[in-house]
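Spelled out, the chains give:
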There are 2 protein chains.
Amino acid sequence: MPTISNRGNQMPASPIRKLVPFAEAAKKRGTKVFHLNIGQPDIETPAKCLDAVRHSDFKILEYSHSAGNESYRKKLVEYYKRVGIDITSEQIIITTGGSEAILFGFMACMDAGDEVIIPEPFYANYNGFAVEAGVVVKPISSSIESGFALPPIEDFEKVITSKTKAIVICNPNNPTGYLYSAAEMEILKQLIKKHNLYLFADEAYREFCYEGTHTSAMHLTGVDEHVVLMDTISKRYSACGGRIGAFVTKNKDLLDAAMKFAQARLSPPSFAQILGEAAVDLPDDYFNTTKAEYKLRRDTIVKRLNAMQGVFCPNPGGAFYAMAKLPIDDSDKFCQWLLESFNYNNQTVMLAPATGFYSTAGLGKQEVRLAYVINVEAINAAMDCLEKALKEYPGRMN
Amino acid sequence: MPTISNRGNQMPASPIRKLVPFAEAAKKRGTKVFHLNIGQPDIETPAKCLDAVRHSDFKILEYSHSAGNESYRKKLVEYYKRVGIDITSEQIIITTGGSEAILFGFMACMDAGDEVIIPEPFYANYNGFAVEAGVVVKPISSSIESGFALPPIEDFEKVITSKTKAIVICNPNNPTGYLYSAAEMEILKQLIKKHNLYLFADEAYREFCYEGTHTSAMHLTGVDEHVVLMDTISKRYSACGGRIGAFVTKNKDLLDAAMKFAQARLSPPSFAQILGEAAVDLPDDYFNTTKAEYKLRRDTIVKRLNAMQGVFCPNPGGAFYAMAKLPIDDSDKFCQWLLESFNYNNQTVMLAPATGFYSTAGLGKQEVRLAYVINVEAINAAMDCLEKALKEYPGRMN
């Protein structure tokens, strides 16, 4: 029997998915499960965007241009201008989700054995793309006590070697919700200039900032050749299933290289490009409404968490995630126990153990990520469950 | 300025795309260009399939399961049963086009430095996926004189080393249109058993066979652990822009490994899964009509080509491609000349130089690929151009 590649063996399994069988079993027992574990928004996709697809009248579902439809790329130029990013349609490659933009960046900028620095905790799938590209992730720990602020510059300097090629920043951050300040972005700018590194900026949650304003990596001046924006419409318009993202850079050589990867896979999905193009014309208040809803949820969940004895949840500045430190022995065990052995009025809550977001073994054992992708009423009911659970959990500490 | 990776530099540019600027310039001069260069069918996507998407009534465009919607995978089991392939829905991972199925296979089965054998000429993008996976392509030449039949087994044996992990077969073939016989498939089966190799089967054109019947790699018995089907709905239903394919295998370990790659990129596109699911319920005569149309075109183009002095075109058994040997010095030069310096009644034809489909340098210089994705009338007009062009071309041989 032929064997699996080492890469196939090294490829990490989804850290959240391993809990799914326990959630399914709980549901089979009749227990209601509040899903705070995944970043699938419950906000409706704008009807205008779905209608654009539904009212399309082409006869042949053709390949689009490998860089995506020109009409969509031109429309995106308007969108980016509105958020203070000045680019041309030739500097955009439409990708199959933000995922593919990350993969193209890793592949085109780094070779096997090269190193990429990522502040941890970080989006777990960066690990997968790193394995695919044969790249080594060097984590720099940020801490819940500081609200997951950018680690000190010395921590970066310490791990930079001749093999370091890039830094990945997710802003606002998944999983922490942390919003990097303009000053922190400036520090990163100096770092990438000094060490001649790429800055990969995952800004999937750009519009969802509740404290202060968003500083895009594309706002940084004098580092046009260094900055790569890895974007997606998934969260912005609740359009995760569309699988439409964008690879954006002013670095011409990199664009040319990334286009070769884009050509190999022919084209991004056609239907959802129509949706993405329509989204740019949504009324100005679209994000205001969505943002107000997420802010209300954030305020609710953070307040509820911090009111629980022994729980600490820093106030996240953006995205729709909160990280909380719980008085527990082991977040993996706790999250499984919530599904397997606990219920409160026949309800329980599904959380993501933070261990899956740390690259350094042993970190995140007392932390969980909560995605506030359910409404305030459901959040309150979920927090009732969690509060009760923390009192009953056999592995409670202090 | 940070540098591009070696992988980014090695990534091949699309061999067809380099002619695009010349085609655009010809059109700007007012010359009509008959496109026989790409595999974008002109057949309409079945209205029933497009309507399934247009009449969908969900409110949130959610991530699907990483393996694709269960309802679609179950439906595909019916489709595969109809073509004599007996699998379960758990043995299918829905991919973003056939492209992603190929990438998953290369990534999960082979490590950097491993070798994959592919009879040439072959689909040029295999090269791109090989570069992404760090895998070395070992070509085995098939010849136009034999109609591109499977090269002798000894040719395979000669290049097999301890690093050889797989053989790729495209059946019916792109670019040659060759349909592998049951006997040839049996030879491949013995080979993969003897040397413990994977057989990657790209069967994108399964339904389009005009001589004899299709033998799927999944029909081979006793090699369940070896065979991987890399499938797509792109050509089958003229749905190239949907980006929906499938990775199919009975090898449980490989499925588990491939699922980790699928999870990293979250999910395949949601809209076109609806289209793919509806396609399985198309009436039985759907393929008959499409096939009859392609067969008529094949008969037309092959007859016209062989009627030209010094031209040889073997009769392709399937797909919608024909390869022709022309009395020319250099197919790249000739194809460019057709666009740049030739017209007949203000019309010309765009062909794909075969050099891009050969891995061995120097091969294919007298061959071109013609995709018969335009109707019979247009094919005849295109052949009028080609016939005239071959008489005028300064680099004509003999």
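Computed from a predicted structure; not experimentally measured. (Residues numbered from 1 in each chain as written. Chains lettered and ligands numbered in written order. Predicted model: local features only at pLDDT ≥ 70, side-chain atom pairs only at ≥ 80, totals over all residues.)

## Examining the overall build of chain A
Each helix and strand in chain A was counted, giving 13 helices and 12 strands. Taken along its principal axes, the extent of the C-alpha atoms in chain A is 60 × 55 × 55 Å. Split into buried and exposed, the 398 residues of chain A put 55% on the buried side. (Helix = DSSP H or I, 4+ residues; strand = E, 2+ residues; numbered from the N terminus. Buried ≥ 20, exposed ≤ 12 C-beta atoms within 10 Å, placed from the backbone.)

## Notes on the packing of helix H4 (residues 70-82) of chain A against helix H10 (residues 270-279) of chain A
Residue and element names in this part refer to chain A. Between H4 and H10, the least distance of the axes is 9 Å, while the angle of their chain directions is 30°. In terms of their interaxial angle, H4 and H10 are classed as roughly parallel. Crossing handedness for the pair H4 and H10: left-handed. Of the residues in H10, those in contact with Ser 71, Tyr 72 and Lys 75 of H4 are Gln 273, Gly 276 and Glu 277. For the contact of H4 with H10, a count of residues per class yields one nonpolar, three polar and two charged. (Axes fitted to C-alpha atoms, helices over the stretch in contact; angles between N-to-C directions. Parallel < 35°, antiparallel > 145°, perpendicular 65-115°, else oblique. Left-handed = near helix turned anticlockwise from the far one by under 90°. Contact = placed C-beta atoms within 7 Å. Nonpolar A, V, L, I, M, F, W, Y, C, P; charged D, E, K, R; others polar.)

## Re the relation of the copies chain B and chain A
Between the two chain copies there is a screw-like relation: a rotation about an axis and a shift along it. Least-squares fitting of chain B to chain A yields an RMSD of 0.0 Å, with the transformation described by 0.0 Å of translation along the axis and a rotation of 180°. What we have between these two chains is a two-fold relation. Measuring from the rotation axis to each C-alpha of chain B, the shortest distance belongs to B:Arg54, at 2.0 Å. Taken as a fraction of all interface residues of chain B, those also at the interface in chain A reach 100%, which identifies the copy contact as same-surface. (Least-squares fit on C-alpha atoms with pLDDT ≥ 70 in both.)

## Points about helix H9 (residues 252-264) of chain A
Taking 1.5 Å of rise per residue, 13 residues should cover 18 Å, and H9(A) covers 19 Å from first to last C-alpha, within 8% of that figure. Taking burial as the measure, the 13 residues of H9(A) include 10 buried ones, the bulk of the element. If you follow the buried residues of H9(A), they end up packed against strand E2 (92-95), helix H5 (97-109), strand E7 (227-232) and strand E8 (245-249) of chain A together with helix H1 (6-10) and helix H6 (125-133) of chain B. A:Leu266 sits one or two residues past H9(A) and shows a positive phi near 75°. (Expected span 1.5 Å × (residues − 1).)

## Some details on the environment of B:Thr232
All names here are of chain B. Along the chain, Thr 232 turns up in strand E7 (residues 227-232). Residue class for Thr 232 comes out buried when judged on the 27 C-beta atoms lying within 10 Å of it. Each C-alpha atom of the pair Thr 232 and Thr 161 lies 31 Å from the other, and the pair is 71 residues apart in sequence. The residues touching Thr 232, leaving out its near neighbours within four places in the chain, are Gly 97, Gly 98, Ala 204 and Gly 245.

## Concerning the environment of A:Phe122
Within the fold, A:Phe122 resides in the loop between strand E3 (115-120) and helix H6 (125-133). Residues A:Phe122 and A:Ile4 lie 118 residues apart in sequence; the distance between their C-alpha atoms is 27 Å.

## Considerations on the domain arrangement of chain A
All names here are of chain A. In terms of domains, chain A is made up of domain 1 (6-44 + 286-392) and domain 2 (49-279). On a C-alpha basis, the centres of domain 1 and domain 2 stand 25 Å from each other. Each side of the interface is counted separately: domain 1 has 36 residues, and domain 2 has 31 residues. Top contributing element to the side of domain 1 that touches domain 2 by residue count: helix H11 (residues 286-306), with five residues. For the side of domain 1 that touches domain 2, the class distribution of residues is 19 nonpolar, nine polar and eight charged. (Domains from an automatic or database assignment.)

## Re the sheet that holds E7(A)
Residue and element names in this part refer to chain A. Within the open sheet, the seven strands sit side by side as E2-E8-E7-E6-E5-E3-E4. Their pairing is mixed. Lying at the two open borders of the sheet, with one neighbouring strand each, are E2 and strand E4 (136-141). Taking each pair of neighbouring strands and ignoring which way they run, the sheet shows an average axis angle of 20°. Where E3 lies against E4, six bridges are found, and the strand directions are parallel. Residue pairing for E4: Pro 119 is matched across the bridge by Ile 140. On top of the sheet, H6 reaches E3, E4 and strand E5 (164-170); it is set at about 150° to E4, its chief contact. (Pairing = 2+ DSSP bridges.)

## What about the interface of chain B and chain A?
Listed as interface residues are 64 residues of chain B and, on the opposing side, 65 residues of chain A. Within the residue set of the side of chain B that touches chain A, elements represented by two or more residues are H1, helix H3 (47-54), helix H5 (97-109), H6, helix H9 (252-264) and helix H10 (270-279) of chain B. Looking at which element gives the most residues to the side of chain B that touches chain A, the answer is H9(B), with seven residues. A breakdown of the residues in the side of chain B that touches chain A according to their chemical character gives 29 nonpolar, 21 polar and 14 charged.

## Some points on the sheet that holds strand E9 (residues 321-325) of chain A
Residue and element names in this part refer to chain A. Pairing in this open sheet of three strands is antiparallel, and the strands run E9-E12-E11 from one edge to the other. The open sheet is flanked by E9 and strand E11 (352-353), the only strands paired with a single partner. Packed on one face of the sheet, H11 meets E9 and strand E12 (367-371) and runs near 5° to E9.

## Description of the nonpolar core
Residues A:Leu199, A:Ala258, B:Leu199 and B:Ala258 are the most contacted members of the largest nonpolar core, which totals 260 residues. Dropping the residues within four chain positions of it, A:Ala258 is found in contact with A:Ile93, A:Phe104, A:Ala108 and A:Phe247. (Core = buried A, V, L, I, M, F, W, Y, C linked by C-beta atoms within 7 Å.)

## Focus on the confidence of the model for chain A
On average, chain A scores 97 in pLDDT, and the residues at 70 or more come to 100%. If you check the scores for this complex, the pTM reads 0.97 and the ipTM reads 0.96. (pLDDT = per-residue confidence, 0-100.)

## Overview of the pairing of E9(A)
All names here are of chain A. Summarising burial for E9: five of the five residues are buried, a large majority. A two-sided burial pattern is seen for E9, the buried positions comprising Tyr 321, Met 323 and Lys 325 on one face and Ala 322 and Ala 324 on the other. Relative to E12, E9 runs antiparallel, the two sharing five bridges. Following the sheet pairing, Lys 325 is matched in E12 by Glu 367.

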